[in-house]
Amino acid sequence: STSYLEHPEAATRAAAMLGSAEIIVMFRDPVARAVSNWQFSTENGLEQRPLGEALMASQSDAAAPAWDRTAISVSPFAYLERGRYADYLDPWLAHFPGTVHVRFFEELVGDGAEVAGLYKDLGVDPSFQPDNLSRPVNMSRSPAPELAPGLAAQARQYLAGSDARLRTMLGRELPWPSS
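Keep in mind that what you see is a predicted model, and the values were worked out from it rather than measured.

Enquirer: For this particular structure, what's the right way to read the packing of aromatic side chains?
Expert: Ring pairs (aromatic) are described by centroid distance and by the angle formed between their planes. Throughout the structure, instances matching the rule amount to five aromatic pairs. Ring geometry for Phe27 versus Tyr85: centroids 4.1 Å apart, planes at 20°, classification stacked. A residue pair is termed long-range when its members are at least 10 positions apart, and Phe27 in strand S1 (residues 23-27) and Tyr85 in helix H5 (residues 85-95) qualify at 58 residues. The same class applies to Phe27 as to Tyr85, namely buried. Of the aromatic side chains, those joined through ring pairs into one cluster are Phe27, Tyr85, Phe104 and Trp176. Over the face of the ring belonging to Phe105 we find Arg28, whose NZ or CZ atom lies 5.5 Å from the ring centre.

Enquirer: Quick question: what am I supposed to make of the pattern of salt bridges here?
Expert: Side-chain pairing between opposite charges can occur once the charged atoms of the two side chains come close. Tallying each qualifying case throughout the model produces eight salt bridges. In this structure, the salt-bridge partner of Glu6 is Arg82, at a minimum N-O distance of 2.3 Å. Of this pair, Glu6 sits in the loop between helix H1 (2-5) and helix H2 (8-18) while Arg82 is found in the loop between helix H4 (51-58) and H5, placing the two residues 76 residues apart along the sequence. With respect to burial, Glu6 and Arg82 carry one shared label: buried. For Glu107, the salt bridge is made with Arg172, and the minimal N-O distance between the two is 2.5 Å. Of the two residues, Glu107 sits in helix H6 (residues 105-108) while Arg172 sits in the segment after helix H8 (149-170), which places them 65 residues apart along the sequence. A residue is classified by how much of its surface remains accessible, and Arg172, at 32% relative accessible area, is partly exposed. Several salt bridges converge on common partners, so that one network encompasses Arg84, Asp87, Asp90 and Arg165.

The rules behind each value
- Residues numbered from 1 in each chain as written.
- Predicted model: local features only at pLDDT ≥ 70, side-chain atom pairs only at ≥ 80, totals over all residues.
- Heavy atoms only, no water.
- Phe/Tyr/Trp six-rings, centres within 6.5 Å; stacked < 30°, edge-to-face > 60°.
- Helix = DSSP H or I, 4+ residues; strand = E, 2+ residues; numbered from the N terminus.
- Buried < 20%, exposed > 50% of the residue type's maximum accessible area, 1.4 Å probe, protein only.
- Lys NZ or Arg CZ within 6 Å of the ring centre and 35° of its normal.
- Salt bridge = Lys/Arg side-chain N within 4 Å of Asp/Glu carboxyl O.

All we've got here are geometric facts, nothing functional implied.
Okay, structure coming up:
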């Protein structure tokens, strides 16, 4: 679950329960993820603010709108904060050394070699093909809105430190634009 990544205690609990495990962490362009998160929150009646206003608010210390914490485990309004991936990865790497597999959505989609590489790392037959490749349940019903270039640049700047740290942690370039 994506919300597990945001809670350092989840890694501690998982390690206590499982001992060891293969952990797959899937990241995607954090700006595209933020827009998708906003779109999901809007389509599900959680978000009322326009995209630009919501993203600007998530870059500041502005209080996020209230949400039902009994129904949703993490803030549906942490649009850009949730894309600071390096901030969330440390506890998982500490508790599961050598068995955290970070992959990027942009590289896995449509690239059989990337999928086969992940399967190999997990000890799964690289020729395995899932039976159901239909549209995910939580996929938005409409195309993602375009983000104004200035706002996109501002969002990239907000994420720049985390992206730089993630590049260092993983020892590789990221498959999305940097600021």
